[in-house]
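# An overview of the molecular structure
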Amino acid sequence: MAHVLIIGAGGVGRVVTHKCVMNKETFTKITLASRRLSSCETIAKELPSDAVNIAQVDADNTDELADLITKIGAQLVINVALPYQDLTIMDACLKTNTPYLDTANYEHPDEAKFEYKEQWAKHEAFKEKGLLALLGSGFDPGVTNVFCAYAQKHYFDEIHTIDILDCNAGDHGYAFATNFNPEINLREVSANGRYWEEGKWIETKPMEIKMVWDYPEVGPKDSYLLYHEEMESLVKHIKGLKRIRFFMTFGESYLTHMKCLENVGMLGIKEVEHKGQKIVPMEFLRTLLPDPATLGPRTKGLTNIGIVAEGIKDGQKKKIYIYQVSDHEKCYAEVKSQGVSYTTGVPAMIGAKLMIEGKWSAKGVFNMEEFDPDIFMDELNKQGLPWQIKELD
Ligand SMILES: NC(=O)c1ccc[n+]([C@@H]2O[C@H](COP(=O)([O-])OP(=O)(O)OC[C@H]3O[C@@H](n4cnc5c(N)ncnc54)[C@H](OP(=O)(O)O)[C@@H]3O)[C@@H](O)[C@H]2O)c1
């Protein structure tokens, strides 16, 4: 039904491309474009020869991207490049009257800070053009927002607290590697934590707050409070909310490596002089670390991401846990990617599918929890991310 342009031939881009090909009745034409054509070629070779067209594009350049969108006649852009490109890609969509979808909010390359402000500021522009920009259609953000909307719709009159719990119990066999883009990942976990309570953001030191959560099928794991972007939109859209927090699991070894790298300055994002050349330590570290796209065949174990919501239904207290478990090896067998890319790429494809089919439609810039969660939840079950709900005491 539509020609989709996928931008970014990385770990997540691979999954989105495979999944769009598996849903070719919706994605009748697929173009995968990236900074390097070779990244697109690698993915295209994994698929039937006529399944995907490929193109080279620098998505930092709005005009270059707009030319590509116009030339190929793309009807929807899925942005799975890096968060640094969100604004230029949104601008190219505005310039060419094309709907937009992404999985991560805008981050400035020179500042370890991410927020929706600049993307939300484009609401009126998208609205005037009658276009939808769907933000954060990955797993977290993404599915976690949909879980919250589903809990609100079916289980509560008022939700008072939400804990988002993200566990990756996968083992890739390396002493240290990140499961998605190292720069984005390390910037996120080395930053101060933050949670929202009674209308205020409360800042914590990195890894200051820890709890142990017993993840079904994985077992008890140390889970640390981090700031995560979906909280920024959920505090606006979940009624009666008094507190929201985000926790992610980390092993001892990962945290020790990260602390060491931080202590010696390797997580720095400002240029330093080295033998007459300017380098950014974090970028250099990225060169040294294993490419997340190569972790797929080595990673074993499960991911388990979900939300615990507590509140009131018909005057009674209620607490539920909605979660999804994925197996890294099964993900690799299906689309040649490990579970973290898989759990991000599948919801990106689903969001795009609902947009193309007109099942999620609106004019302006929207977050996931603003749409009817039921159709998205059905698609998760059909497209490889089955979920479960438990009522807790
Ligand atoms: N919501 C979630 O649950 C979630 C979870 C994980 C990741 N994410 C997000 O998903 C996105 C992709 O992550 P990933 O792990 O796939 O990262 P990745 O493996 O590093 O892939 C990013 C791709 O973007 C391409 N790219 C970078 N700059 C570009 C530019 N200027 N123009 C065109 N292409 C460019 C790179 O291209 P080349 O290879 O061609 O150089 C690379 O292939 C990121 O935004 C990440 O934050 C979201």
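Anything mentioned here points back to the structure above.
The notes below deal with the structure included here.

Rules used throughout
Residues numbered from 1 in each chain as written. Predicted model: local features only at pLDDT ≥ 70, side-chain atom pairs only at ≥ 80, totals over all residues. Heavy atoms only, no water. Helix = DSSP H or I, 4+ residues; strand = E, 2+ residues; numbered from the N terminus. Rg over C-alpha atoms; globule rule 2.2 N^0.38 Å. Buried < 20%, exposed > 50% of the residue type's maximum accessible area, 1.4 Å probe, protein only. Contact = heavy atoms within 4.5 Å. Areas by Shrake-Rupley, 256 points an atom, 1.4 Å probe, with all protein chains shown as cover. Lys, Arg positive; Asp, Glu negative; His and termini not counted. Charge placed at Lys NZ, Arg CZ, Asp CG, Glu CD. Arc of directions from axis to C-beta. Pairing = 2+ DSSP bridges. Axes fitted to C-alpha atoms, helices over the stretch in contact; angles between N-to-C directions. Near = heavy atom within 4 Å. Polar contact = N/O pair within 3.5 Å; in protein donor to acceptor, adjacent residues only side chain to side chain. Nonpolar A, V, L, I, M, F, W, Y, C, P; charged D, E, K, R; others polar. Salt bridge = Lys/Arg side-chain N within 4 Å of Asp/Glu carboxyl O. Expected span 1.5 Å × (residues − 1).

### Some thoughts on the overall build of the chain
Scanning the chain for helices and strands turns up 14 helices and 18 strands. The C-alpha radius of gyration computed for the chain amounts to 20 Å, which stays within 12% of the reference 21 Å derived for 393 residues, consistent with globular compactness. When burial is assessed residue by residue, the chain has 57% of its 393 residues classed as buried. Sequence-distant contacts, at least 24 apart, represent 72% of the contacts inside the chain between residues at least 6 apart. Taken as a whole, the chain presents about 16700 Å² of accessible surface, with 49% of it coming from carbon and sulfur. Computing the positive centroid from 44 side-chain charges and the negative centroid from 57, the chain places the two 1 Å apart.

### Quick look at unusual backbone geometry
At the junction of Asp140 and Pro141, the peptide bond is cis and its omega measures out at 10° in the coordinates. Structurally, the position occupied by Pro141 is in the loop between β6 (132-135) and α7 (143-154). For Glu198, which is not glycine, the phi torsion reads 45° and is therefore positive. Considering the arrangement of structural elements, one finds Glu198 in the loop between β8 (193-197) and β9 (200-204). A residue is classified by how much of its surface remains accessible, and Glu198, at 58% relative accessible area, is exposed. We note that Met207 has phi near 60°; this positive angle belongs to a residue other than glycine.

### Some details on helix α11 (residues 281-288)
Each α-helix winds once per 3.6 residues, and so residues spaced three or four apart point in a common direction. Of the residues making up α11, those classed as buried are Pro281, Met282 and Leu285. The arc that holds every buried residue of α11, seen down its axis, measures 95°, which confines them to one face. Buried residues in α11 make contact with α8 (182-190), α10 (252-263), β13 (272-274) and β14 (277-279).

### With respect to the sheet that holds strand β1 (residues 2-7)
Spatially, 7 strands are ordered β3-β2-β1-β4-β5-β6-β17 in an open sheet, and the strand pairing comes out parallel. Sheet topology places β3 (53-56) and β17 (364-367) at the edges, where each strand pairs with a single neighbour. Between one strand and the next, the sheet's axes are offset by a mean angle of 20°, whatever the strand orientation. Along the sheet face, helix α2 (residues 37-44) touches β2 (27-34) and β3 and points at about 165° away from the line of β3.

### What about the site of the ligand?
If you check the shell around the ligand, you find 29 residues, and the closest are Ser34, Arg36, Ser39, Ala59 and Thr103. Within the side chain of Gln85, an N or O atom sits 3.4 Å from a nitrogen atom of the ligand. Measuring from an oxygen atom of the ligand, one finds a backbone N or O atom of Phe139 at 3.0 Å. Considered on its own, the ligand offers 930 Å² of accessible surface; in the complex 95% of this is hidden by protein. In terms of residue class, the shell around the ligand is made up of 13 nonpolar, 10 polar and 6 charged.

### Some points on the pattern of salt bridges
Pairing is possible between side chains that carry opposite charge, provided their charged atoms lie close to one another. Here the structure, examined in full by the defined rule, presents 18 salt bridges. The partner of Asp372 in a salt bridge is Lys153, and the shortest N-O contact between them spans 3.0 Å. Of this pair, Asp372 sits in the loop between β17 and α14 (373-383) while Lys153 sits in helix α7, and the two are 219 residues apart along the sequence. Counted as one network, the salt bridges with shared partners bring together Lys353, Glu357, Lys359 and Glu379.

### Details of the side chain of His3
Among the structural elements, His3 can be located in strand β1. At 2.8 Å, the side chain of His3 forms a polar contact with the side chain of Thr31. One polar contact links the side chain of His3 to the main-chain carbonyl oxygen of Ile72, over a distance of 3.1 Å.

### Considerations on helix α1 (residues 11-22)
The end-to-end C-alpha distance of α1 is 17 Å, a good match for the 16 Å that 12 residues give at a rise of 1.5 Å each. All of the buried residues in α1 are Gly11, Val12, Gly13, Arg14, Val15, Val16, Thr17, His18, Lys19, Cys20 and Val21.

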